Amino acid sequence: MLRRKMLRDIKANFAQFFSIMILSLIAMWCYTGFQANVIGGNKARADFESDSNFADGWIYGADFSEEQAKKIADISGIKDVQLRTEVLGKADEKYNTAEMYCYFQNNTNVTIPRTADGADFDADDENGLWLFSRFAETWGIKVGDKFTVHVMGLDIEKEVKGLIVTPEYEFACASTDTDTDFHNIGFAYLSQKVLPEEMRINNEIIFTCDGKALSYEKDIANALGDNYAYFADRNSIRGWYQLSDELAQHDSFSYIFSFVFVAIALLVIITTMKRMIAQQRTQIGTLNALGMKKRKILAHYLSYSFVLSTIGCILGIILGILTFGRLMVNMFSQFYTIPNWQPGFSYKSIIVAAVLVLICTGTSYLSCKQILKIHPSEALRPAAAKTAKPCIFEKLPFWKKLSFNVRYNLRDISRSKMRAFMGVFGTCMGMMIMELGLGAYDTVDYVRDRYFHDIQNYEYQVILNDSCTPEEAEELKNETGGELIAMEAVSIAAKDHPTSDGIISCKLAVTEGEQLYCVSDTELNTTPIPKGTVALTMKQAKNLGLSEGDRVYWKTAAGSKWNESKIGLISRHPNITGLTMLREDYEAAGMDFRPVMLVSKNDCDNVADHDCVSAVHSMKDLIAAFDKMMEIMNLLVYFMVIFSVLLIVIVLYNSGNLSFNEREKEFATLKVLGFKSSAIRRLLSTQNLWLSIIGVICGLPLGRVPLQAMMDSNGDAVDWPCYIAPSTYIIAAIFVMTVSVLVSFMFSRRIKKIDMVEVLKGME
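What counts and how
Residues numbered from 1 in each chain as written. Predicted model: local features only at pLDDT ≥ 70, side-chain atom pairs only at ≥ 80, totals over all residues. Heavy atoms only, no water. Helix = DSSP H or I, 4+ residues; strand = E, 2+ residues; numbered from the N terminus. Buried < 20%, exposed > 50% of the residue type's maximum accessible area, 1.4 Å probe, protein only. Core = buried A, V, L, I, M, F, W, Y, C linked by side-chain atoms within 4.5 Å. Contact = heavy atoms within 4.5 Å. Bend = angle between axes of the 7 residues up to and from the residue. pLDDT = per-residue confidence, 0-100. Patch = residues over 30% accessible without salt bridge, like charges linked within 9 Å, V, L, I, M, F, W, Y side chains within 5 Å. Areas by Shrake-Rupley, 256 points an atom, 1.4 Å probe, with all protein chains shown as cover. Salt bridge = Lys/Arg side-chain N within 4 Å of Asp/Glu carboxyl O. Lys, Arg positive; Asp, Glu negative; His and termini not counted. Charge placed at Lys NZ, Arg CZ, Asp CG, Glu CD. Axes fitted to C-alpha atoms, helices over the stretch in contact; angles between N-to-C directions. Parallel < 35°, antiparallel > 145°, perpendicular 65-115°, else oblique. Left-handed = near helix turned anticlockwise from the far one by under 90°. Nonpolar A, V, L, I, M, F, W, Y, C, P; charged D, E, K, R; others polar. Phe/Tyr/Trp six-rings, centres within 6.5 Å; stacked < 30°, edge-to-face > 60°. Lys NZ or Arg CZ within 6 Å of the ring centre and 35° of its normal. Arc of directions from axis to C-beta. Pairing = 2+ DSSP bridges.

Phi angles above zero are rare outside glycine, and methionine 152 is one such case at about 50°. Inspection of the secondary structure assignment puts methionine 152 in the loop between strand S6 (146-151) and strand S7 (154-165). The exposure class of methionine 152 is partly exposed, given its relative accessible area of 32%.

Take the nonpolar core next. With 131 residues, the main nonpolar core has Met100, Leu131, Phe135, Phe147, Trp341 and Leu647 as its most contacted residues. Leucine 647 has contacts with Leu23, Val260, Phe261, Ile264, Gly426, Met429, Gly430 and Ile433, leaving out every residue within four places of it along the chain. In terms of nonpolar packing, the next biggest core, distinct from the first, is built from 34 residues, Ile492, Leu546, Ile570 and Tyr586 among them.

Remark: the principal bend of helix H12 (residues 417-455), roughly 25°, maps to glycine 439. Most of H12 is tucked away: 28 of the 39 residues are buried.

Turning to the confidence of the model for the protein, a few remarks are in order. Summing up the model confidence of the protein, the mean pLDDT is 82 and the portion of residues at 70 or higher is 88%. Mean pLDDT values for the elements of the protein range from 56 in helix H23 (residues 756-761) up to 95 in strand S5 (residues 128-132).

Turning next to a negative patch on the surface. On the surface, a cluster of negative charge is made up of Glu93, Glu471, Glu472, Glu475, Glu479, Asp609 and Asp611. Relative to the helices and strands, glutamate 471 resides in helix H13 (residues 470-480).

Moving on: the side chain of glutamate 435. The residue glutamate 435 is located in helix H12 in this model. Arginine 704 provides the closest opposite charge to the buried, salt-bridge-free glutamate 435, at an N-O distance of 8.5 Å. If sequence neighbours within four positions are ignored, glutamate 435 has contacts with Ala440, Gly699, Leu700, Leu702, Gly703, Ile724, Tyr729 and Ala732.

Time to look at the packing of H12 against helix H21 (residues 726-745). A packed helix pair is summarised by two numbers, namely the angle formed by the two axes and the spacing between the axes. As a packed pair, H12 and H21 sit with axes 9 Å apart at the nearest point and diverge in direction by 140°. Between H12 and H21, the interaxial angle falls into the category oblique. Along this stretch, H12 crosses H21, giving a crossing that reads as right-handed. Mapping the contact onto sequence places Thr427, Met431, Met434, Glu435, Leu438, Gly439 and Asp442 in H12 and Thr728, Tyr729, Ile731, Ala732, Ala733, Phe735 and Val736 in H21. Here the residues of the contact of H12 with H21 sort into nine nonpolar, three polar and two charged.

On the surface, a nonpolar cluster with roughly 530 Å² of combined accessible area is contributed by Leu689, Ile693, Ile697, Val741, Leu742 and Phe745. Within the residue set of the nonpolar patch, elements represented by two or more residues are helix H19 (677-699) and H21. For isoleucine 697, the position within the fold is in helix H19. Residue isoleucine 697 is classed as exposed on the basis of its relative accessible area, which comes to 52%.

Here the focus is the packing of aromatic side chains. Counted according to the given criterion, the structure contains 21 aromatic pairs. Each ring, one from tyrosine 103 and one from tyrosine 169, has its centre 6.3 Å from the other, and the planes form 70°; the classification is edge-to-face. With tyrosine 103 in strand S3 (residues 99-105) and tyrosine 169 in the loop between S7 and strand S8 (185-191), the pair connects residues that are 66 residues apart, well separated along the chain. You can call tyrosine 169 buried: its relative accessible area is 10%. Aromatic rings pair up to connect Tyr101, Tyr103, Phe121, Trp130, Phe132, Tyr169, Phe182, Phe187 and Tyr189 into one cluster. Cation over ring: lysine 555 sits above tryptophan 562, and NZ or CZ is 5.5 Å from the ring centre.

Considered for burial, the residues of helix H18 (residues 664-672) that qualify are Phe667, Ala668, Leu670 and Lys671. All buried residues of H18 fall inside an arc of 160° around its axis, so they share one side. Positive phi shows up at glycine 674, right after H18, with a value of about 110°.

Before going further, it helps to spend a moment on the pairing of strand S13 (residues 503-511). Burial analysis of S13 places seven of its nine residues in the buried class, the great majority of the element. Relative to S13, strand S12 (residues 483-493) runs antiparallel, the two being bridged by eight bridges. In the strand pairing of S13, methionine 487 is matched with alanine 509. Judged from the five bridges that link them, S13 and strand S18 (residues 578-582) form a sheet pairing that is parallel. In the strand pairing of S18, leucine 508 is matched with leucine 579.

Turning to the pattern of salt bridges, a few remarks are in order. Pairing between side chains of opposite charge can happen when the charged atoms of each approach one another. Scanning all chains against the criterion turns up 19 salt bridges. Two residues, arginine 114 and aspartate 51, come together in a salt bridge whose shortest N-O distance is 3.9 Å. Here arginine 114, found in strand S4 (residues 114-118), pairs with aspartate 51, found in helix H2 (residues 14-52); they are 63 residues apart in sequence, far enough to count as distant. Assessed through its relative accessible area of 26%, arginine 114 is described here as partly exposed. For glutamate 168, the salt bridge goes to arginine 84, with nearest N and O atoms at 2.6 Å. Of the two residues, glutamate 168 sits in the loop between S7 and S8 while arginine 84 sits in strand S2 (residues 78-90), which places them 84 residues apart along the sequence. Taking relative accessible area as the criterion, glutamate 168 reaches 5% and is therefore assigned buried. Taking the relative accessible area as the measure of exposure, arginine 84 reaches 0% and is therefore buried. Linked through salt bridges whose partners overlap, the residues forming this network are Arg45, Glu49, Asp56, Glu170 and Arg234.

Laid out in structure tokens, this is it:
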């Protein structure tokens, strides 16, 4: 009997109960979708790193010997040790002179490259080269082709014996790119026997260990007699930590978006169940009088939320894995290299679903328990009408001058605070999500404009090859009227002789101060670097606890000496983090200025044939490549807009529906008094409009906070300031208000169909 009653009640209040199910579904859809990507990604990379025996620690130096490697291996807790030579080289011009990290080694004990196609890496094969599979796929390079790397002044041409991937490059991005473009970044493994005897210099020792790698620092320092440059763990390897930051971001998103929809679902449950139980007061009294126990009646009313939220959660889990989760994996697999990355699932989703159902059911209990305290004899009679107290708005000095429409709605809002709060809160959250989606698009445009027009204040970028001499670079500079730029990997610290946890690996850019390659301050205004100082990027300064005027210590990857410089500027750059300094100060520190590129405002196509030039890129080409990479933002915008629409429609429709049902008797009375349907519709629409306007105003400042958090969660290697254009606020507000008006029109027919006799007769 009660089961049939529940089905009849759900049918009679379909909109509200369907909303509960949809909101539960969307909450679990968001959670499971993001988690499917996170769980699947973490599992796939754990398997990948385990199979590859991925390193836990990296020791950098000038020339390590087998004896030193053995001393490291003898340290208790350190397991496998590998000597190797890492050198940054370049590919041929036909491959955009892409950055090519070359690894020369005699064996493969640690960070074993995984074969995607062809033969496994053979450290004794002097005729072969093993190439990054994503780079090879992008350029159409196959096993058996010849490939040349230009490194250390050598042109090494070998046969591609295999295509490989490695955990060290789960994320790969060229130093000149803002995001992954596999046209411009690659790596290759070769036998150390390929190099001449005098060039077989091991500049790295990598190892695996028990526990945290940094805990072995003192033992390593003692074993090597402090004869090494610096020591790092996985958190210093951008190819690894970038994906960790991405997955952590998605993990936080799964909870944030789910919370928003669960919060709205709870408001809908509270208002729906309170209204339904108030309407069924006499039925509850009758069931009680017939001997049905209160706990059975309570269980009956709790079953509404329990059944609907359970159905919503189950459907949300299934859809989250099959649709959104799959979409996320396919999307991010384009930028990260993890074999066998599939959507994942864990018991956590079941626990979250159970908690969500428990919260929804518990909310129903809070709404139902009061009515069951009433004695059956009293419950059989209709509830006494609430005493109409003057609302707070009636104290306004101009109250009597307000129209009937305004006064009527102000009184109703004052008496139905929860329903009004639901309308405002839901619209506010919808506005926030809309701003978040459209703001992400604005941020991309803002960063693109700032990066390609303010910081990169030039029209052409000329990439120089490794064999380019300082004299040739100067001649090229004079010919093009440009500025030479040097760039290399460095380590920075807040003090001399730092420990590993106080060292940050980043980039050093050396400019000639011609303001073609610029830096910007924390207010995003381009400004010259004061002579005798360096510019340090904001996130790195914060992590090191440094500010303008402090001293920063830096050391190049090949050097063993820590250099001291004064910080003259805290700067911001979208993707190149670290230090920027003037050429004269760099050379004054005893460094050799070796430019890697030349930038100019003049046409440089005519220098493409020079022997010292690897490639020439116009600003149009660079912007086009950036736009191609940022197409993923379109999906984010669509995703946010759809969620915002669903949220606003559900909230406003439920708010309007509840308002209509609660005031149906009042509307019938007004019709008897001669009010037309259009006037009554205006009463209902006015309140919806007011609540929407308040929600829009409250939501206006909320978009920037989650947007900046989303940008910051990309890690310290990326510094994108969020930006929401004024027009975006207007568009979002207009969109929300339009949805509000359209939802209001949905009640037009219901007002016309009010049966005045039936409604008013039911009041007796």
